[in-house]
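# Residue-level structure breakdown
Residue strings, one per chain:
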Amino acid sequence: MTINKATGILVLSFILGSTFLFANNAQAAPRVIDWQDYPFALKEDVKDRVAYGSVTVSASKSAMEQNYGDVTLAFAVVQATPGSFSENAILAIPGGPGQSATDVAGRFASNPFFQRILKEGKRDIVLLDPRGVGKSTPYLCNELHQLDKTYWFLFGKSKQDAINEHIDAINTCKQRLQNTGLAFSQYSAKSYADDAETIKNLLGYQRWLLWGHSYGSRYGQQLMLSYPDSIEGAFLSGIVPIESFKKEREFQYFYQVLQRIFDECKENSVCDEAYPKLESKLYDTFKRFKNAPVSVPINHSKHSHITIDEFGLMNAIFGLLYVTNSIEVVPLFIESLHSGDDWILNNLATILLDKFAVNRNDNFLAVSCNDASEIDKELTQVSMQTDLASVMRETWLTKRLGFFCDLIGASDVFVQKSFPSNVPVVIADGVYDPVTPPQRSQVLIPQVAQAQHFTLSNRAHDVTAGARTILRVFLSNPQQLVNTDEYKNLGTIVYRTDVVLNKGIANISKWIMNDTIWSKIAILALGGILISVALIASVFTRESSITAVIFSSIFAVVLAISLIGAFYQSWSANPFLTSFGMLSHWAWLPYFGWIMLASSIYALYRMTTQWRDKQTPVKTWSAINCIGTFCIVGFCLYAGVV
């Protein structure tokens with residue numbers, strides 16, 4: 001379970017060691033916090049509010065495990081009152097499993113939304129990196145945490161090759177871990193709960209107020225079960241209940257959202273007119289990618305491109321279903337690929353790889369195996385009603401690798417399902433969530449005595465971003481009943497039909513994501529500066545300019561300003577739009593670009609003619625004006641805007 005990189009509201013998790021290492025041995029040395037400078041960027045005005053440290057604990061609580069190793073837990077505290085610790089604290093739990101927490105402390109400290117929570121609730125916010133994630137060390141198995149292993153199907157590998165590579169990596173890491181007294185079995189939701197309790201006691205907090213999203217909700221449940229007296233309340237969203245996990249169920253959740261999109265688009269006249277026969281088009285596209293996989297360039301230090309087949313296409317769609325903004329463009333995505341515009345994958349591949357690469361694959365496998373009583377043991381035979389559903393289900397079930405639990409040797413963790421009756425809990429989910437839909441909340445709700453549940457009808461896995469008011473109220477005062485009325489009857493997601501494809505806008509978006517925009521934007525800026533200087537100087541020097549040059553430079557400036565406006569407005573409407581192009585009311589922009597190009601060529605012709613005739617000297621500022629114009633022309637041509 002991973003989460004979407006949607007609004008900036010992200011997630012986190014934690015653990016404990018024991019007071020005695022052995023039942024009959026000497027007492028362990030006291031744990032000491034190693035306070036350090038915060039290792040990530042911080043704004044100057046919040047540096048006094050963020051404390052960062054680490055502590056080393058035993059990896060095992062069991063007195064039977066005498067060949068134990070140590071783990072170092074890194075944590076950050078965003079203080080409600082700078083320089084002091086509050087009585088109780090909010091534990092912001094990361095998802096994944098495999099996501100870190102400490103790297104977002106700066107966002108919590110400087111974001112007005114969380115500043116208000118800190119002020120109203122008077123509770124610190126604690127961020128703890130789970131074992132083997134972020135700054136908490138050691139890592140379980142770096143050999144597993146590689147892009148071409150996690151996404152083997154994008155790099156031309158067969159499933160058997162991927163299985164063999166995973167087996168070799170796991171065996172290598174098991175041997176190395178054994179030599180250090182560590183094991184895959186020591187990384188789980190239970191160890192997370194133990195470690196969080198340790199951190200709570202070390203920092204002197206009385207109780208935790210839990211906030212967990214996606215797999216963070218699973219960690220939160222474990223804390224409530226293991227340490228009920230330490231919990232003040234819990235806000236859990238995108239529920240991962242304590243139960244077995246199966247590929248079949250995962251596919252059902254995925255496809256039910258996809259089917260909802262097909263149905264809603266068909267029922268909406270505007271969407272149906274823009275994207276008719278959506279399901280049939282995806283079926284055709286699925287077969288095309290199966291028969292002829294598409295090569296897509298990526299910006300990566302070790303890989304220049306990926307190859308997307310039908311399974312890669314499914315994963316791309318699955319990634320788009322994670323957050324509301326990207327769901328809005330799913331019909332456009334399907335329509336574009338069906339029309340042969342495969343270039344749209346250039347940007348989306350980078351976005352989706354970046355989104356899921358934040359999870360450590362080694363931690364994901366170990367925790368998933370330890371926390372589920374059974375994984376992929378049996379697949380339910382579910383009849384699929386459409387051709388698309390049938391072929392996608394077959395691909396999903398046959399190409400997924402599984403978790404290698406038997407090889408990892410993960411422990412079978414027994415969990416007593418008895419939650420504390422006096423702890424207020426808010427449970428939130430989204431109708432469009434492809435991985436933790438409302439059905440998963442229904443597993444947890446009957447077990448929690450004081451549960452308040454609400455479902456957002458227009459949200460996907462980013463449900464927390466859509467429930468900010470409830471989140472703020474609850475984290476400020478968990479004893480106060482939250483009012484969910486404003487989240488009722490929110491309607492459904494509106495699919496974007498007001499988009500015109502444009503490779504230039506998409507390329508600019510890609511350059512921004514890859515942080516390669518600055519050298520290119522410098523050319524655009526240089527053109528604007530040269531034109532401005534030339535026009536102003538020609539006025540002050542009273543130097544007459546060639547009329548064609550003046551008009552072409554004015555066209556160039558208008559084009560540059562319009563290009564910036566089109567990109568900004570489209571990005572503001574939905575950041576995913578710029579991976580396709582721009583809002584449709586900017587459709588005139590490429591045509592205006594051609595007019596500007598023609599006028600620039602004519603201006604250059606007039607300049608060269610005058611230079612050849614030598615009747616009238618070419619004026620300095622006219623020449624500079626022309627150079628500036630062609631800087632803008634060159635940028636637009638290179639980007640592909642025109």
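Above this text sits the structure in question.
Model, not experiment: these values are computed from the prediction. (Residues numbered from 1 in each chain as written. Predicted model: local features only at pLDDT ≥ 70, side-chain atom pairs only at ≥ 80, totals over all residues. Heavy atoms only, no water.)

## Remarks on helix H23 (residues 620–639)
Basically, it comes down to this: Helical segments are the DSSP runs of H or I of at least four residues, strand segments are the runs of E of at least two, and each set is numbered from the N terminus. Helices are assigned an expected span. That span is 1.5 Å times one less than the residue count. Accessibility here uses a 1.4 Å probe with only protein chains present; expressed as a share of the type maximum, an area under 20% marks a residue as buried, one over 50% as exposed, and anything in between as partly exposed.
Here H23 contains 20 residues, and its C-alpha end-to-end distance of 29 Å stays within 8% of the 28 Å for a straight helix at 1.5 Å per residue. Taken as a whole, H23 has its buried residues at Ser622, Asn625, Cys626, Gly628, Thr629, Cys631, Ile632, Val633, Phe635, Cys636 and Ala639.

## Quick notes on the pairing of strand S7 (residues 231–237)
Threshold: Only strands joined by at least two bridges in the DSSP assignment are considered to pair. The path from the first strand over the helix to the second decides the hand: if it runs clockwise while the strands point away from the viewer, the crossover is right-handed.
Of all seven residues making up S7, seven are buried, and the element is well covered by its neighbours. Looking at chain direction, strand S6 (residues 208–213) and S7 are connected through six bridges and run parallel. Pairing of glycine 212 across the sheet is with leucine 236, part of S7. Taken together, S6, helix H6 (residues 215–226) and S7 form a β-α-β motif whose crossover is right-handed. Across four bridges, the pairing between S7 and strand S10 (residues 425–430) is parallel. Directly across from alanine 234, in S10, lies its bridge partner valine 425.

## Here we look at the pattern of salt bridges
Side chains carrying opposite charge are able to pair once their charged atoms draw close together. To keep things clear, this is the line we draw: A pair is scored as a salt bridge if a Lys or Arg side-chain nitrogen falls within 4 Å of a carboxyl oxygen belonging to Asp or Glu.
Counted under the stated rule, the structure contains 19 salt bridges. Aspartate 195 is paired through a salt bridge with arginine 131; the nearest N and O atoms lie 2.7 Å apart. Pair noted here: aspartate 195 is in helix H5 (residues 189–203) and arginine 131 is in the loop between strand S5 (124–128) and helix H3 (147–150), with a separation of 64 residues, a long-range link. Taken individually, aspartate 195 and arginine 131 each receive the classification buried, so the pair is uniform in this respect. Here arginine 288 ties to aspartate 342 by a salt bridge, and the two come within 2.9 Å at their closest N and O atoms. Here arginine 288, found in helix H9 (residues 278–291), pairs with aspartate 342, found in the loop between helix H12 (330–338) and helix H13 (345–356); they are 54 residues apart in sequence, far enough to count as distant. For aspartate 342, a relative accessible area of 16% gives the class buried. Three or more residues joined by partner-sharing salt bridges are found here, namely Arg116, Glu120 and Arg472.

## Looking at the sheet that holds S10
Put simply, the rule is: Fitted lines through C-alpha atoms serve as axes, helices being fitted only where they are in contact, and the angles separating the N-to-C directions of these axes extend from 0 to 180 degrees. The contact definition used throughout considers only heavy atoms, calling two residues in contact when any of these lie within 4.5 Å.
The nine strands lie next to each other as S1-S2-S3-S5-S4-S6-S7-S10-S11, forming an open sheet whose pairing is mixed. With one partner strand each, in any of the chains shown, strand S1 (34–36) and strand S11 (451–456) form the two edges of the open sheet. Averaged over all neighbouring strand pairs, the angle between strand axes comes to 20°, with direction disregarded. Helix H2 (residues 112–121) rests against strand S3 (70–78), strand S4 (89–93), S5 and S6 of the sheet, and its axis sits at about 120° to S5.

## Thoughts on the packing of aromatic side chains
Short version of the rule: Working definition: a ring pair exists when centres of Phe, Tyr or Trp rings (six-membered ring for Trp) sit within 6.5 Å. Plane angles under 30 degrees give stacked, over 60 give edge-to-face, the rest tilted.
One pass over the full model with this rule turns up 31 aromatic pairs. Between phenylalanine 114 and tryptophan 211 the ring centres are 5.8 Å apart and the planes differ by 35°, which places this aromatic pair in the tilted class. One end of the pair, phenylalanine 114, is in helix H2; the other, tryptophan 211, is in strand S6, with 97 residues separating them in the sequence. Of the two residues, phenylalanine 114 and tryptophan 211, both sit in the buried class.

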